[in-house]
Structure formats: C-alpha cells, structure tokens
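Spelled out from the first residue to the last, the chains are:
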Amino acid sequence: MSAVRKTPKNTNPKNTTSDRPEDERLGLGTAFTFGLQHVLTMYGGIIAPPLIIGAAAGLTSAEVGVLVAACLFMGGLATLLQTLGIPFFGSQLPLVQGVSFAGVATMLAIVNQGSGLPAVFGAVIVASLIGLVVAPFFAHIVRFFPPVVTGTVITMIGLSLVPVAARWITGADPESPTYADPVFVGIAGFTLFVIMLLSKLGNATISRLSILIAMVVGTVFAAVIGRADFSKVLEGPIFAFPSPFAFGVPTFDLAAIVSMTIVVLVILTETTADIIAVAEITGSKVDRKRIAAGLRADMVSSAVSPIFNSFTQSAFAQNVGLVAVTKIKSRYAVAAGGVILIILGLTPILGRVVAAVPTAVLGGAGLVLFGTVTASGIRTLSKVKYDGNMNLIIVAASLSFGVLPEVNHDIYMNFPTWFQVIFGSGISSAAIMAIVLNLVFNHFSKGTPEDPSVFAASPVRAVRTDVIRTLRARSGR
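Residues numbered from 1 in each chain as written. Predicted model: local features only at pLDDT ≥ 70, side-chain atom pairs only at ≥ 80, totals over all residues. Heavy atoms only, no water.

**A short note on the overall build of the protein chain**
Per the secondary structure count, the protein chain includes 19 helices and two strands. By the burial criterion, 48% of the 477 residues in the protein chain qualify as buried. Of the contacts made within the protein chain by residues no fewer than 6 positions apart, 82% connect residues no fewer than 24 positions apart. As presented, the protein chain carries roughly 22500 Å² of accessible surface, and 66% of it is formed by carbon and sulfur atoms. (Helix = DSSP H or I, 4+ residues; strand = E, 2+ residues; numbered from the N terminus. Buried < 20%, exposed > 50% of the residue type's maximum accessible area, 1.4 Å probe, protein only. Contact = heavy atoms within 4.5 Å. Areas by Shrake-Rupley, 256 points an atom, 1.4 Å probe, with all protein chains shown as cover.)

In structure tokens, the structure reads:
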C-alpha cells in the first residue's frame, strides 16, 4: 500500500488569497489598529490643504469644516479604490490617498484672481480627466520628468507654502490691531518647540505623530491664555453626508485648467514613484499595467472629488515610509485606514474642531510641514548629477523663476488674466521652466556645449569631513 502524501500546511495562514505579500489577511482588530496609525500619520497633511484654501477663499469656520470633512471623506474613498481596486483602477498596493500638496499654490493663485472655489473645482475636474487619458501612456513620457524636474517642482511647492505659514502666524490683514501680535508669534513658536521636543524623544510612534500632538498641545495652550474660540463647534450637524457642489457649480477657466494640468502631471510623477517605492518595500511585482491602474485610480478620484467639495488626490509619501518602518505590507491595513477616513468625513463636527484651531498653531506646525516638503525636494535634487551637464542651470533658473511671483505678487499685474493665473503660481512657473529647460539641454542637446557654462562648472562649496577632523584635532591640543 502506497503511503498517503500529506498536504503541507500553509506556512502563512493569514495569507489566504495569493502569494503576493500585499494580499496578507489580517485580523479585523489588527487591520484597524494599523489603519488608524496610517490615518494619524497623514492627518496633519490631509487637513492642511482645505485649511489653506478655505482661508484664502474667505470661508467661515463652519464652511472650512465642510471642506475638511469632504477631504477626509474623499481621501477614504480614494484609498479604498487604490488598495482594493476594481478592473483597470487601483494598484492594489498599501497606498494611502489624500489631497495633494502639489496643487495648493496653484489653487491659491486661482482663488486670489477672484475666480473662487467653483473655478478651482472646474479646473481640477478637467485636468484630472486629462490625466485619466494620459495615465496609460505616462510610463512612456515619465522620462521627461527626471529628478532634476521633479526635485525642482517639489522644492518649489514647499517654498511657495512657507508664506502661508507666515500669514497664519501674523494674520492676513496688516491693518488689523492683532496683526503680528507677539502672543500669536509666541504660540507658533511654542507649537514648533513641542514638535522638535517630541521628535527628539526616543519613542518612534510619538516622533511620527509629533506634528499632530503638538497641534493639540498648542491649541490647549492657546485656549488657556484665551486665544482660542471653540464656541461655534457645536453649530451644525454632528453627522452628515457631504453635499454635492456645496460651494456652487464648477466653472471652467482655460488658464486655470492649464495650471492644474501641469499640477496633475507632477502628481502622476509622484504617484508613479510612490507605487514603485512601495512595491520595492513590500516585495511586490509591478509592471506598466499595474502602474497605469494606480494612476487611473488617482485621476478618477481627483475628477470625482470636486463633486463632493474636495481636490486632487494622490498617494502620501509619508505613509510609504510607515510601511517600511512597521513592516506591515498588507493592503487591507491601509484599506481599514480608508474606512476610518470615510467615518471621519461623515462627522463634520470634527472638521469644525479642526477649523477652530488657532491659526498661530497651524503656522507653527506649518513651518515643519511645509519645510518637510521643501526638504523632500532638496533630497531629490541631491540625487541629480551636476558634473558635465547643464542641470545646475536648470535648477537655478527654474527655482528663481518660481520664487519670483512669490516674493513680488505684482510682477505680472499688467499681464492678461490667463497669464497671471498660470505664472502667478510659483509651482506652475517653476514646473514650466524646468520641463522646457530639461528638454532644451538634456533631450534636444544639439548646440549645447560639451563643457558646461561657468556657472554650472562652479565647485561645490562645502567643508570636507577630513578638514573638520583636522580642525577638531588642532583645537583639542
């Protein structure tokens, strides 16, 4: 009688669907625990855009609360689409979605031109539909967005948002008696101090949540000294489904659409990088079809977002880092985070609480939050090769061109409105210049000298570590 062959036991009983590491099944409690951690990690980032844009649009605290709730709600839906997926939509990777910082400065430029939120929503819809069409082919054109371009744009995004933090601290009206009040500056400084203190602690969880915790501590401090007002938090429903087109029917302005299309291309580039990064972390296999499915999920979520009063959606890079730190590769943990975001979005009272946080507290947190975006761009630029090419000129000219309208808002005041909308945004200006110069110098290289210009050939200004060691040794004598 032949021996009966025993079926080998499943060495990974939690993984019941496939051999893909991202398909690991977690217990319900475990999934929601790690999902909550993802939400807390990105919470400060997802609420900042509606706060910035809402303030610029002159909305009341209750209306800003509606924006915040809408962004949480749409971020949850977009996360579910990206992680769980449907045919042709969703990478099925552990990627958290939320409102992208990339479009904030451009949307501010649209609002500041007097077009208001309806023009912002209209531009987001059209630009996202263009991105949806481009998504399947983006893997072929992503070569036109190398680190010298994306690093410049990301750096400019951070730089263009720093003045927002400054206005949060000082106030927006120079004629106001409380403008640049030392008390508000002190509150911002206290919040910044708490962030640095918590970041220094040995506890990794507290360090990752330092911005969120510091905002709570800063708000409590402001309330104690009488500089926080939560009297209107209870005005309005506790639970509510986001009302479609709560701020009016979208309008469509060509210049605004062009500006947002540039932003969408940047978002597509960032999401492509995030998909590849999280695939490397999880050990998953990705090809062009899977990348295209992830990009389509981004774009269809972004196109639908304005219906529910939200903005462009993209993957959050900090959550990609969280996957690497926690080693939890399951997309179902992130999907649980998406469910939490939806629940938060259905409770507008939380949005009103966030909207009531003193702007000085937001300013102190914003210095770190926006500075982190700038630092991410600089880190990307550090990977660029500058020897024997014109990349230094590309970065220098693009950043200067982008900073120009940020430091002098009147520089294009006598130009046509469409020009002001496009080039009044530092991000659009820097992106256009970087893309064009990259094409001119790195792709259409005919006529470019073999030896770079005197500016590009300038030496790196840095003190070598061996020199520092020598100085230390001499000072110790």
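Now that the structure has been shown, we can carry on.
**With respect to the side chain of Ser310**
Tracing the backbone shows Ser310 in the loop between α11 (288–304) and β2 (313–315). Not counting residues within four places of it along the chain, the set of residues in contact with Ser310 comprises Ala70, Cys71, Met74, Val99, Phe121 and Ser305.

**Details of the environment of Thr269**
Relative to the helices and strands, Thr269 resides in helix α10 (residues 254–282). The exposure class of Thr269 is buried, given its relative accessible area of 9%. Counting along the chain gives 119 residues from Thr269 to Thr150, while the straight-line C-alpha distance between them is 7.6 Å.

**So, the pattern of salt bridges**
Counted under the stated rule, the structure contains five salt bridges. Notably, a salt bridge pairs Glu22 with Arg20, separated by 3.4 Å at the nearest N-O pair. Where Arg20 meets Asp23, a salt bridge forms, and the shortest distance between an N and an O atom there is 2.8 Å. (Salt bridge = Lys/Arg side-chain N within 4 Å of Asp/Glu carboxyl O.)

**Notes on a nonpolar patch on the surface**
Where nonpolar side chains cluster on the molecular surface, the patch consists of Val183, Val216, Val220, Phe221, Val224 and Ile225 and spans about 480 Å² of accessible area. Following the sequence through the fold, Ile225 ends up in the loop between α9 (210–224) and α10. By relative accessible area, Ile225 is classed as partly exposed at 37%. (Patch = residues over 30% accessible without salt bridge, like charges linked within 9 Å, V, L, I, M, F, W, Y side chains within 5 Å.)

**Here we look at empty space enclosed by the protein**
It is a probe the size of a water molecule, rolled over the atoms, that shows where empty space is left. A full pass over the atoms with the stated rule returns two cavities of 30 Å³ or more. Roughly 80 Å³ of volume is contained in the largest cavity. Lining the largest cavity are Gly44, Ile47, Ala48, Leu51, Trp168, Met215, Leu362, Ala365, Gly366, Leu369 and Phe370. Of all elements in the fold, only α1 (28–56) and α15 (359–381) reach the threshold of two or more residues within the lining of the largest cavity. With five residues, the top contributor of residues to the lining of the largest cavity is α15. Per-class residue counts for the lining of the largest cavity are nine nonpolar, two polar and no charged. What the second largest cavity holds in volume is close to 30 Å³. In terms of lining residues, the second largest cavity is bounded by Phe145, Val149, Thr150, Val153, Val266, Ala431 and Ile435. Breaking the lining of the second largest cavity down by element, the ones donating at least two residues are α6 (147–170) and α18 (426–443). (1 Å grid on protein atoms, 1.4 Å probe; cavity = no way out; pocket = protein on both sides within 12 Å on 5 of 7 lines; lining within 4 Å. Points joined across faces, edges and corners; volume = space filled by probe spheres on them. Nonpolar A, V, L, I, M, F, W, Y, C, P; charged D, E, K, R; others polar.)

**Concerning helix α7 (residues 182–200)**
In this model α7 runs 27 Å from its N-terminal to its C-terminal C-alpha over 19 residues, within 8% of the 27 Å that 1.5 Å per residue would give. Burial in α7 covers these residues: Phe184, Ile187, Ala188, Thr191, Val194, Ile195 and Leu198. Projected down its long axis, α7 carries its buried residues within an arc of 120°, all on one side. The outward face of α7, more than 90 degrees from its buried face, is lined by the exposed residues Pro182, Phe193 and Lys200. The backbone nitrogen of Val183 has a side-chain oxygen 2.9 Å away, supplied by the residue at the start of α7, namely Asp181. (Expected span 1.5 Å × (residues − 1). Arc of directions from axis to C-beta. Polar contact = N/O pair within 3.5 Å; in protein donor to acceptor, adjacent residues only side chain to side chain.)

**What about the packing of aromatic side chains?**
In total, this model carries 10 aromatic pairs according to the counting rule given. The structure contains a cluster of three or more aromatic residues connected by ring pairs, namely Phe401, Tyr412, Phe415, Phe419 and Phe423. Sitting over the face of the ring of Phe184, Arg227 holds its NZ or CZ atom 5.1 Å from the ring centroid. (Phe/Tyr/Trp six-rings, centres within 6.5 Å; stacked < 30°, edge-to-face > 60°. Lys NZ or Arg CZ within 6 Å of the ring centre and 35° of its normal.)

**What about helix α2 (residues 61–84)?**
Spanning 24 residues, α2 covers 35 Å between terminal C-alpha atoms, matching the ideal 34 Å at 1.5 Å per step. Of all 24 residues in α2, 17 are buried, a share of seventy percent or more. Once α2 ends, the next one or two residues include Gly85, with phi positive near 75°.

**Some words on the nonpolar core**
If you look at the biggest cluster of nonpolar residues, it comprises 106 residues, and the most contacted ones within it are Ile52, Phe101, Phe311 and Phe370. Of all the elements, α10 adds the most residues to this core, at 12 residues. Beyond its immediate chain neighbours, meaning those up to four positions away, Phe101 contacts Gly45, Ala48, Pro49, Ile52, Ile157, Leu161, Leu369, Phe370 and Val373. (Core = buried A, V, L, I, M, F, W, Y, C linked by side-chain atoms within 4.5 Å.)

**Describing the packing of α10 against α11**
At a minimum axis distance of 10 Å, the contact between α10 and α11 shows a crossing angle of 135°. Here α10 is positioned oblique relative to α11, judged by the angle of their axes. The interaxial crossing formed by α10 with α11 has right-handed handedness. Here Val264, Ile267, Leu268, Thr271, Thr272, Ile275 and Ile276 of α10 lie close against α11, whose contacting residues are Ile291, Gly294, Leu295, Asp298 and Met299. (Axes fitted to C-alpha atoms, helices over the stretch in contact; angles between N-to-C directions. Parallel < 35°, antiparallel > 145°, perpendicular 65-115°, else oblique. Left-handed = near helix turned anticlockwise from the far one by under 90°.)

**Re unusual backbone geometry**
Trans is the prevailing form of peptide bonds, just as negative phi is the prevailing case for residues other than glycine. Located in the positive-phi region is Phe88, a residue other than glycine, with phi close to 75°. As for its placement among the helices and strands, Phe88 is situated in the loop between α2 and β1 (97–99). Assessed through its relative accessible area of 63%, Phe88 is described here as exposed. One non-glycine residue with positive phi stands out, namely Gln92, at about 55°. Tracing the chain through its elements places Gln92 in the loop between α2 and β1.

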